[in-house]
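# An overview of the molecular structure
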Amino acid sequence: MSLRPAGWAARSDTPTTLLVEYRREAPALAAGTRPLVSILSPVRDEHDHLPAMLDSVLSQAYDDIEVLLVDDGSTDDTAGIVRGYAERDPRVRLVASGQAMGKVAAFNTAFQASSGAIVCHVGGDDTVPRNAMTSRVEALRPHLERPAVAFFKLELFETTPGDAPVVVPRGRRGSMSGPSITMTRPLAEVVMPVPAHLVSEDIWMGNAADAVAEVRVDSGDVVVHYRRHAGNSNPRNRSFAQMDEAMHARQAALDALLTTDRFTLPGDVRRRLEAEAEGERRRHAGRTGAVLTSDLPPIDRLAVASMSHPVLWRARTRWLTAFTGWRGR
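So, here's what we can say about the structure. As the structure is a computational prediction, the values presented were derived from the model and not from experiment.

### Let's talk about the overall build of the protein chain
Check the secondary structure of the protein chain and you find 13 helices and 9 strands. Scored against the burial criterion, the 329 residues of the protein chain give a buried share of 53%. Sequence separation of at least 24 residues holds for 76% of the intrachain contacts in the protein chain that already meet a minimum separation of 6. Accessible area for the protein chain stands at about 14300 Å²; split by element, carbon and sulfur atoms hold 52% of it.

Here it is, written out as structure tokens:
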């Protein structure tokens, strides 16, 4: 069964060079360790996509995995699909079903049921290349006893064929977005649970993991084929008014990070998040000029300004692929 549209060239599974930032030195773990990887996946109404996701995950070259799915109140047969896979493969578990709890609560529920030394996330509407879990394990295997995070590349593709797939972010860093974030258990125990009042997990998780980690690994490996469609929690395909409110709700994670007492933010991280929070307040108020003169880095000013006015938003969505991935994270 093909997991990608016909005619698309397959990308190499050969691991690429890692950028590793050691913030605190410690001995490496033995190379032969085979850690369990916990794959967390809140799902809702994923009849069309879930079989492809599960097929790609269960056919991984690295097979020491557990796949923990939470059915977030689906109105279709999503839960039945998961049960069918669980009957055939004990690595798949339906952790909870039937209650619409919201994405963050569903994500936290999946994490509470996990036991892996490495924790990551795969969306029910995405797929993963065959060596995705190998890449995640090899990046973090030396650091399993420490708070460590690894960030990877994502390949974005459209449900309706049109724009060619694009690998993000551009540059040498990995993505700090949800399906890239891969944490050791010691780090995940600090970052999780995601605060219950947030509407999505990725801004909190990516920034919290980066702030707390003693080791950060960035890899050029693609670990997720991310499906862009109208149902994404990132509101890139919606009208300006819908995007404006949805983006503002997502950005509440910035204030949550700045006010948390769960961990201490390094000074440079705090300054960056404060600039991003102020930039979001200006964007939401429609103050395009104020965004362009903010303390954000130049590329971030342009990205945020493009979401501050309906005309700029139409231009951004028209040339989405050209604008995507340049913020480098």
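### Examining the packing of aromatic side chains
Applying the stated criterion across every chain, the model contains 1 aromatic pair. Note on Trp204 and Phe263: the rings are 5.8 Å apart at their centroids and 55 degrees apart in plane angle, and the pair reads as tilted. Note that Trp204 is positioned in helix H6 (residues 202–212) and Phe263 in the loop between helix H8 (252–259) and helix H9 (267–284), a separation of 59 residues in sequence. Of the two residues, Trp204 and Phe263, neither departs from the other in class, the shared state being buried. The aromatic ring of Tyr85 is capped on one face by Arg88, whose charged end is 4.6 Å from the ring centroid.

### A short note on helix H4 (residues 132–140)
Judged by how many residues are buried, H4 sits mostly within the fold: 7 of 9 residues are covered. When H4 is considered as a whole, its buried residues turn out to be Ala132, Met133, Ser135, Arg136, Val137, Ala139 and Leu140.

### Looking at the environment of Ala96
Summarising the element assignment, Ala96 is placed in strand S4 (residues 92–96). Taking C-alpha positions, Ala96 is 9.1 Å from Ala79, a pair spaced 17 residues apart along the chain. The contacts of Ala96, once residues within four sequence positions are left out, are Leu69, Val70, Asp71, Met101 and Thr109.

### Brief notes about the packing of helix H1 (residues 50–58) against helix H2 (residues 78–88)
Between H1 and H2, the least distance of the axes is 10 Å, while the angle of their chain directions is 25 degrees. With respect to each other, H1 and H2 are oriented roughly parallel. Crossing of H1 against H2: the hand is right-handed. Along its contact with H1, which presents Leu50, Pro51, Leu54, Asp55 and Leu58, the element H2 presents Thr78, Ile81, Val82 and Tyr85. Class assignment for the residues of the contact of H1 with H2 results in 7 nonpolar, 1 polar and 1 charged.

### What to know about a nonpolar patch on the surface
A surface patch of nonpolar side chains, amounting to about 260 Å² of accessible area, comprises Leu292, Ile299 and Leu302. Secondary-structure assignment places Leu292 in helix H10 (residues 288–292). Given a relative accessible area of 37%, Leu292 falls into the partly exposed group.

### Details of the nonpolar core
Within the largest apolar cluster, 38 residues are counted, with the highest numbers of intra-cluster contacts made by Val37, Ile39, Leu50, Val57, Val67, Leu69 and Met133. Those residues in contact with Val37 that sit more than four places away from it in its chain are Tyr62, Asp64, Ile65, Glu66, Ile118, Cys120, Met133 and Val137. Among the nonpolar cores identified, the runner-up in size contains 37 residues, and Val191, Leu257, Leu258 and Phe263 belong to it.

### Some words on the side chain of Ser306
Along the chain, Ser306 falls in the loop between helix H11 (298–305) and helix H12 (310–318). Setting aside chain neighbours within four positions, we find Ser306 in contact with Leu312, Trp313 and Arg316.

### So, H6
Helical geometry note: an α-helix holds 3.6 residues per turn, so side chains three or four residues apart project in the same direction. Among the 11 residues that make up H6, 10 are buried, leaving the element largely enclosed by the rest of the structure. Along H6, the positions that sit buried rather than exposed are Asp202, Ile203, Trp204, Met205, Gly206, Asn207, Ala208, Ala209, Asp210 and Ala211.

### Some thoughts on unusual backbone geometry
In this model, Val168 is joined to Pro169 through a cis peptide bond whose omega is -10 degrees. Along the polypeptide, Pro169 turns up in the loop between strand S7 (166–168) and strand S8 (182–184). At the junction of Met192 and Pro193, the peptide bond is cis and its omega measures out at 0 degrees in the coordinates. Position of Pro193 among the secondary structure elements: in the loop between helix H5 (185–191) and H6. With a phi angle near 50 degrees, Asp45 is a residue other than glycine that sits in the positive phi range. Inspection of the secondary structure puts Asp45 in the loop between strand S2 (37–43) and H1.

### Regarding the packing of helix H7 (residues 240–250) against H9
A pair of packed helices is characterised by two quantities: the angle between their axes and the separation of those axes. Between H7 and H9, the shortest axis-to-axis distance is 11 Å and the interhelical angle comes to 155 degrees. Classified by the angle between their axes, H7 and H9 sit roughly antiparallel to one another. Taken as a pair, H7 and H9 cross one another with a handedness that is left-handed. Contact residues: Met243, Asp244, Glu245, Met247 and His248 in H7; Glu280, Arg283 and His284 in H9.

Rules behind the numbers
Residues numbered from 1 in each chain as written. Predicted model: local features only at pLDDT ≥ 70, side-chain atom pairs only at ≥ 80, totals over all residues. Heavy atoms only, no water. Helix = DSSP H or I, 4+ residues; strand = E, 2+ residues; numbered from the N terminus. Buried < 20%, exposed > 50% of the residue type's maximum accessible area, 1.4 Å probe, protein only. Contact = heavy atoms within 4.5 Å. Areas by Shrake-Rupley, 256 points an atom, 1.4 Å probe, with all protein chains shown as cover. Phe/Tyr/Trp six-rings, centres within 6.5 Å; stacked < 30°, edge-to-face > 60°. Lys NZ or Arg CZ within 6 Å of the ring centre and 35° of its normal. Axes fitted to C-alpha atoms, helices over the stretch in contact; angles between N-to-C directions. Parallel < 35°, antiparallel > 145°, perpendicular 65-115°, else oblique. Left-handed = near helix turned anticlockwise from the far one by under 90°. Nonpolar A, V, L, I, M, F, W, Y, C, P; charged D, E, K, R; others polar. Patch = residues over 30% accessible without salt bridge, like charges linked within 9 Å, V, L, I, M, F, W, Y side chains within 5 Å. Salt bridge = Lys/Arg side-chain N within 4 Å of Asp/Glu carboxyl O. Core = buried A, V, L, I, M, F, W, Y, C linked by side-chain atoms within 4.5 Å.

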